[in-house]
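# Residue-level structure breakdown
Listed below are the residues making up each chain.
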Amino acid sequence: MNDYFLVRTASFTPRGAMSDEELAAEHVIGWRWWSLSEVREYRGLELFSPRDLATPLAALIADGVPTQPVALGL
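This is a predicted model, so every value here is computed, not measured. (Residues numbered from 1 in each chain as written. Predicted model: local features only at pLDDT ≥ 70, side-chain atom pairs only at ≥ 80, totals over all residues. Heavy atoms only, no water.)

## What to know about the pattern of salt bridges
Evaluation of the coordinates by the stated rule reveals two salt bridges. Of the charged contacts in the structure, one is a salt bridge between Arg 15 and Asp 20, with a shortest N-O distance of 2.9 Å. Between Glu 38 and Arg 32 there is a salt bridge, with its nearest N and O atoms 3.3 Å apart. (Salt bridge = Lys/Arg side-chain N within 4 Å of Asp/Glu carboxyl O.)

Here is the structure:
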């Protein structure tokens, strides 16, 4: 089971502590922020978790933060 949290922060360029070589050894070639429309329209081979991430993300944007935890499933 995975837990997801909403964290509000100022905009920043993501960059971890690992070097590019260390990331490559872990098969990480990069990371970035995704917009809701990009999540909805993505048709690549990789999977989001939860797989239907666009639905709860759209609800969060439209309705705000829920008062109780939301079960998301796969």
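## A short note on unusual backbone geometry
Here Ser 49 and Pro 50 are connected by a cis peptide whose omega angle stands at 0°. Following the sequence through the fold, Pro 50 ends up in the loop between helix 2 (36–41) and helix 3 (54–63). (Helix = DSSP H or I, 4+ residues; strand = E, 2+ residues; numbered from the N terminus.)

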